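Read off the chains here:
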Amino acid sequence: MSDTGERILTTALRLFARDGYEAVSVSAIAGVLGMTKGALYRHYTSKREIFDRIVERMIEIDVECAKQHEVPEATFDQTPAAYRNAAMENIKNFTLSQFRFWTENEFGRDFRRMVILEQYRNPEMADWHQKVFTCGPVSYMEDLFREMMGEGTLKPGDPGLLAIEFFAPFHLLVAMSDAPSAGGKAIDLLKAHIDDFIRKNTQATDKES
């Protein structure tokens, strides 16, 4: 992607996060960038194409992060073996990386704010909010934990409840991180939560005691 195309993408997302997707026009995006609509249209044919490219970028980033931390990149139905071979330490590192992305990375932070802002007035944004921040991550963790229980890595239990127990503090701490006074407390609390979760739920706890 050209530098101009990248600037259009990040500027549009920043405006969507501030004012809402529906409220931002192509003219507004072009105006902030100091270019004409015609110049912008040489890179993207519509506001919808800009949004679609933002979503593609998010998917690319998520897949790359999963690869980097050696956790499943696709659904359980697509890659069951990856779920059976997952390591708890990799899940921890992946989760912390995701937290940093949603709270510290400008692109991730703006995407999060956009879907939060728009979820109650735009069904598509509501769907993305569910996929990215609520039902999607919980379902992903549930599949991981179910398979890890089957492999003997985690203690037997209800994988759905365990997924909620693992992920709920993540969502809360992401929201807390938006407070100016949060500093680095949120990620420190998340690390402590994950370490405590591992200590309580892995089979190694019984073997070491």
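Residues numbered from 1 in each chain as written. Predicted model: local features only at pLDDT ≥ 70, side-chain atom pairs only at ≥ 80, totals over all residues. Heavy atoms only, no water.

Before going further, it helps to examine the overall build of the chain. Each helix and strand counted, the chain has 12 helices and 0 strands in total. Listed by position from the N terminus, the elements making up the chain come as α-α-α-α-α-α-α-α-α-α-α-α. Reported as C-alpha extents along the three principal axes, the dimensions of the chain are approximately 70 × 40 × 30 Å. Split into buried and exposed, the 209 residues of the chain put 44% on the buried side. Taking contacts inside the chain between residues at least 6 apart in sequence as the whole, the part at least 24 apart equals 65%. For the chain, the computed accessible surface area is about 10800 Å², with 52% contributed by carbon and sulfur atoms. Positive and negative side-chain charges in the chain, numbering 25 and 32 respectively, have mean positions lying 6 Å apart. (Helix = DSSP H or I, 4+ residues; strand = E, 2+ residues; numbered from the N terminus. Buried < 20%, exposed > 50% of the residue type's maximum accessible area, 1.4 Å probe, protein only. Contact = heavy atoms within 4.5 Å. Areas by Shrake-Rupley, 256 points an atom, 1.4 Å probe, with all protein chains shown as cover. Lys, Arg positive; Asp, Glu negative; His and termini not counted. Charge placed at Lys NZ, Arg CZ, Asp CG, Glu CD.)

The subject of this paragraph is the nonpolar core. Formed by 63 residues in total, the largest nonpolar core has its most connected members in Phe16, Ile29, Ile50, Met88, Ile91, Phe111 and Phe145. Beyond its immediate sequence surroundings of up to four residues, isoleucine 50 is in contact with Ile8, Leu9, Ala12, Phe16, Ile29, Leu40 and Tyr44. (Core = buried A, V, L, I, M, F, W, Y, C linked by side-chain atoms within 4.5 Å.)

Attention now goes to the confidence of the model for the chain. Averaged over every residue, the pLDDT of the chain is 93; residues scoring 70 or more account for 96%. Under a pLDDT of 50 for its full length, residues 205-209 has, in the predicted model, 5 contacts with residues more than four places off or in other chains. (pLDDT = per-residue confidence, 0-100.)

Let us now look at the side chain of glutamine 119. Along the chain, glutamine 119 falls in the loop between helix H7 (106-118) and helix H8 (123-133). Excluding residues that lie within four positions of it along the chain, glutamine 119 makes contacts with Met125, Ala126 and His129.

Taken together, the side chains of Leu172, Met176 and Leu189 make up a nonpolar region of the molecular surface, amounting to roughly 280 Å² of accessible area. Mapped onto the elements of the fold, leucine 189 is located in helix H11 (residues 185-201). (Patch = residues over 30% accessible without salt bridge, like charges linked within 9 Å, V, L, I, M, F, W, Y side chains within 5 Å. Salt bridge = Lys/Arg side-chain N within 4 Å of Asp/Glu carboxyl O.)

The next thing to look at is the packing of helix H1 (residues 3-19) against helix H4 (residues 47-69). Relative to each other, H1 and H4 sit at 95°, their axes nearing to 10 Å. Comparing the axis directions of H1 and H4 gives the class roughly perpendicular. Across the interface between the two elements, Glu6, Ile8, Leu9, Ala12, Leu13 and Phe16 from H1 touch Lys47, Ile50, Arg53, Ile54 and Arg57 from H4. Grouping the constituent residues of the contact of H1 with H4 by class yields 7 nonpolar, no polar and 4 charged. (Axes fitted to C-alpha atoms, helices over the stretch in contact; angles between N-to-C directions. Parallel < 35°, antiparallel > 145°, perpendicular 65-115°, else oblique. Nonpolar A, V, L, I, M, F, W, Y, C, P; charged D, E, K, R; others polar.)

Here we come to the packing of H1 against H7. Geometrically, a packed helix pair is captured by the angle between its two axes and the distance between the axes. Contact pair H1 / H7: the axes reach a minimum separation of 7 Å and the direction vectors enclose 40°. What the angle tells us is that H1 and H7 run oblique. The handedness of the crossing between H1 and H7 comes out as left-handed. Across the interface between the two elements, Leu9, Thr10, Leu13, Arg14, Phe16, Ala17, Arg18 and Asp19 from H1 touch Glu106, Phe107, Asp110, Phe111, Arg113, Met114 and Leu117 from H7. A class-by-class count of the residues in the contact of H1 with H7 yields 8 nonpolar, 1 polar and 6 charged. (Left-handed = near helix turned anticlockwise from the far one by under 90°.)

This paragraph deals with helix H10 (residues 159-176). Between the first and last C-alpha of H10 there are 26 Å, a value that for 18 residues agrees with the 26 Å anticipated at 1.5 Å per step. The axis of H10 is deflected most strongly, by about 30°, at phenylalanine 167, and proline proline 169 appears within four residues downstream. Among the residues of H10, Pro159, Gly160, Leu162, Ala163, Phe166, Phe167, Phe170, Leu173 and Val174 are the ones counted as buried. Those residues of H10 that are buried lie in contact with helix H6 (88-104), H7, H8, helix H9 (135-150) and H11. (Expected span 1.5 Å × (residues − 1). Bend = angle between axes of the 7 residues up to and from the residue.)

This next bit is on H1. Along its 17 residues, H1 runs 24 Å from first to last C-alpha, staying within 8% of the 24 Å computed at 1.5 Å per residue. Among the residues making up H1, those that are buried are Gly5, Ile8, Leu9, Thr11, Ala12, Leu13, Leu15, Phe16 and Ala17. Of the surrounding secondary structure, the elements contacted by the buried residues of H1 are helix H2 (26-33), helix H3 (37-41), H4 and H7. Glycine 20 sits one or two positions beyond H1 and adopts a positive phi of about 100°.

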